[in-house]
Amino acid sequence: MKRRILLELGLSSLGGVLLSDCVQGQRLPPSIVSPNLTKNYTSQGGLLDINVEAYYNWVTLGGKPANLMTYNGQVPGPKLEAKPGDTIRIRLRNNLTQPTNLHYHGLHIAPTGNADNIFLSIPPKEQLTYEFTLPKDHPSGTFWYHPHRHGFTAEQLFAGLAGLFIVRGELDEIPQIKAAKEEFLVLQDFGLDNNGNQLIPHHRDQMIGREGSLVTLNGQVNPTLSIPRGGLLRLRLLNASPSRFYRLSLENHPLYLIATDGGSIAEPVELPELLLTPGERADVLIKGDREPQQYRLLNLPYDRFGMGMMGGGMMGGGMMGGGMMGGRFNRNTRQVETLATLVYQGSTSPLPLPKQLLPVEPLPEPKFSRSIELSSTMMRGMGMAFLFNGQPYDHERIDTQVKINTVEDWELINRDRMGMEHPFHLHINPFQIISRNGQPEPYVAWKDVVLVRPGEPLKIRIHFKDFVGKTVYHCHIFDHEDLGMMATIQMTA
Ligand code: C2O
Ligand code: CU
Ligand code: CU
């Protein structure tokens, strides 16, 4: 099977490399490493029909060999593009040594059958065909796919399994956006040893989740991007890291947000910087109107413990030594990192920002509201557990029952005693943020991940529609999800 796929990709000469020599149980990097393949797929005549194989492969990360989990041999996985109304058929073959599956993050499709059914599991050496049709009125936007096999998700995401799923549509037809230069940026971090093998155990931290020291954009370290002089650059960003936060800023250039997780906002919003937590996407425009020199896309330091560490939260815990906490604290108050370098290239006739994007209707007042508490606890001898409403995930329990064709408000309250921030994510139905800590949200946007900070209750509004069945909401720090911060929601007619 591996051989067949490699032949298809024209990499038959690498066939032997996959079974490369072992020295004391460690695979050595081969002398030939496949380049980062950039094979992408676009639907044709209303159909996207592809084979995807998950398997370990040697790829290059920032010029160095790395042995990672790949989709069709590449990291990130192939970018998939489709239009509203298209049918998607993906034959996923699992050539890993552990079970896996696929989740279509952010797509509004059925959570059942062979669509976005995260309860399916594909054992090693087996294959499953996913098939679904995007609703005709599906918003255009930046979505993505990744494994969602409970207990393995963090490991597989950290090993490289993630790819973009782009829905092309109305937003792309706005003249200024159409004329902009478009770049996709998948942000991933990896922890590798000197031989290019993963160091997952050393990087695992139950509170922070796993973070690696090698930060990549599309598998590259500090790539160079070009801005057309006078024109617009459109960056479509995805945080595909299992737990790393990115606080992005481009030297001398504000970012103009045009779309969030679920698609277009009504008009561009100027941002000096952008926090992208795991799973979030942002679509931003950059004006090429500065001195034509080099500008760095920076990742600014961000302290994920924030006030929680300083407040009383720690005091009751009593199980963490001060030194240990200090180490963790430092790891997250990092230096400024350069993620990419932007250079001015060519020139175009001046291209203004679009004034209007697509209208976004605020959801009507709900008939029903509920609150969900996020917390963590120390289990004696077992480390941390992360909880929704006091309970860890149990696949046999239904935690939340909703009716379709209704609107609900959910108040998300983070009472994490360790002061951890949690990016909350809901499948299938996007939501609008109504308020954070009592402050109304300044503009209406469709989201599917939102950061819930300790001590800052956050209200989201959700319209459940179109699809019945079971799915989940969870923390998008997948170590937290694997340690319990997930719950089952059942949608009924
Ligand atoms: Cu991107 Cu349930 O996840
Ligand atoms: Cu998701
Ligand atoms: Cu979390």
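Here the structure is a predicted model, which means the values were calculated and not measured.

Below, the discussion takes up the overall build of the protein chain. Looking only at helices and strands, the protein chain features 8 helices and 33 strands. Classification of the 493 residues of the protein chain by burial places 45% in the buried group. In the protein chain, once contacts between residues fewer than 6 apart in sequence are set aside, the share between residues at least 24 apart is 79%.

Turning to the UniProt feature "domain: Plastocyanin-like" (unreviewed entry) in the protein chain, a few remarks are in order. When the UniProt feature table is mapped onto this chain numbering, "domain: Plastocyanin-like" (unreviewed entry) sits at residues 57-170, 215-298 and 381-489. Within the segment residues 57-170, helix and strand shares are 6% and 40% respectively, and the terminal C-alpha atoms sit 37 Å apart.

Taken domain by domain, the protein chain holds domain 1 (2-169), domain 2 (176-347) and domain 3 (368-492). The partner domain 3 presents 29 residues to the 28 residues of domain 2 that form the contact. Counting residues per element, the ones that place at least two in the side of domain 2 that touches domain 3 are β18 (263-271) and α6 (306-310). The residue inventory of the side of domain 2 that touches domain 3, partitioned by class, reads 10 nonpolar, 14 polar and 4 charged.

Turning to the environment of Val-407, a few remarks are in order. Topologically, Val-407 is positioned in strand β26 (residues 406-414). For Val-407, a count of 18 C-beta atoms within 10 Å puts it in the partly exposed group. Sequence separation of Val-407 and Glu-365 is 42 residues, and the distance between their C-alpha atoms is 7.4 Å. With sequence-adjacent residues up to four places away left out, Val-407 is seen in contact with Leu-363, Pro-364, Pro-366, Lys-367, Arg-461, Ile-462 and His-463.

Our focus in this paragraph is the sheet that holds strand β12 (residues 181-190). Across the sheet, which stays open at both edges, the 6 strands sit in the order β13-β12-β15-β20-β17-β18 with mixed pairing between neighbours. The open sheet has two edge strands with one neighbour each: β13 (214-217) and β18. On average, each strand axis in the sheet is inclined to that of its neighbour by 25°, with strand direction left out of account.

On to unusual backbone geometry, then. Residue Pro-76 follows Val-75 across a cis peptide bond; omega there is -5°. Inspection of the secondary structure puts Pro-76 in the loop between β5 (64-71) and β6 (80-82). Backbone geometry places Asn-222, a non-glycine residue, at a positive phi of 45°. One non-glycine residue, Ile-428, lies in positive phi territory at about 70°.

Turning our eyes to something else, we now look at the sheet that holds strand β8 (residues 103-105). Pairing in this open sheet of 5 strands is mixed, and the strands run β3-β6-β11-β10-β8 from one edge to the other. Looking along the sheet, the strands with just one partner apiece sit at the ends: β3 (41-42) and β8. Alignment of β6 against strand β11 (residues 163-167), held across 3 bridges, turns out to be parallel. Looking at β11, one finds that Ala-82 is bridged to Val-167.

The next thing to look at is the pairing of strand β4 (residues 47-61). When β4 meets strand β7 (residues 87-95), the two strands line up parallel, connected through 9 bridges. Bridging across to β7, Glu-53 finds its partner in Arg-93. Sheet topology note: the β4/β5 ladder contains 8 bridges and is antiparallel. From the neighbouring strand, Tyr-56 faces β5, where its bridge partner is Met-69.

Mean pLDDT over the protein chain: 87, with 86% of residues reaching 70 or higher. A low-confidence stretch, residues 1-35 (pLDDT under 50), is modelled with 49 contacts involving residues beyond four sequence positions or located in other chains. Across residues 307-331, confidence stays below pLDDT 50; counting only partners more than four residues off in sequence or on other chains, it has 28 contacts. If you check the scores for this complex, the pTM reads 0.89 and the ipTM reads 0.99.

Right, let's talk about the environment of Ile-109 for a bit. Mapped onto the elements, Ile-109 comes out in the loop between β8 and β9 (127-133). According to the C-beta neighbour criterion, Ile-109 is buried, with 20 such atoms within 10 Å. Spatially, the C-alpha atoms of Ile-109 and Asp-193 are 40 Å apart, while their sequence positions differ by 84 residues. Apart from residues no more than four positions distant in its own chain, Ile-109 is found in contact with Tyr-104, Ala-115, Asp-116, Phe-132 and Leu-134.

Time to look at the environment of Phe-184. Looking at where Phe-184 falls in the secondary structure, it is placed in strand β12. For Phe-184, the residues in contact, after removing those within four places along its chain, are Lys-79, Leu-164 and Arg-236.

Another aspect to go through is the pairing of strand β23 (residues 368-379). Here 7 bridges tie β23 to β26, and the two strands are oriented parallel to one another. The residue bridging Glu-373 from the neighbouring strand is Ile-413, located in β26. With 6 bridges joining them, β23 and strand β24 (residues 383-388) adopt antiparallel strand pairing. Note that in β24 the partner of Met-379 across the bridge is Gly-383. Counting the residues between successive antiparallel strands, the hairpin from β23 to β24 contains 3 residues, one of them, Gly-381, with a positive phi of roughly 75°.

What counts and how
Residues numbered from 1 in each chain as written. Chains lettered and ligands numbered in written order. Predicted model: local features only at pLDDT ≥ 70, side-chain atom pairs only at ≥ 80, totals over all residues. Helix = DSSP H or I, 4+ residues; strand = E, 2+ residues; numbered from the N terminus. Buried ≥ 20, exposed ≤ 12 C-beta atoms within 10 Å, placed from the backbone. Contact = placed C-beta atoms within 7 Å. UniProt positions renumbered as here; feature names shortened; annotations may be inferred. Domains from an automatic or database assignment. Nonpolar A, V, L, I, M, F, W, Y, C, P; charged D, E, K, R; others polar. Pairing = 2+ DSSP bridges. Axes fitted to C-alpha atoms, helices over the stretch in contact; angles between N-to-C directions. pLDDT = per-residue confidence, 0-100.

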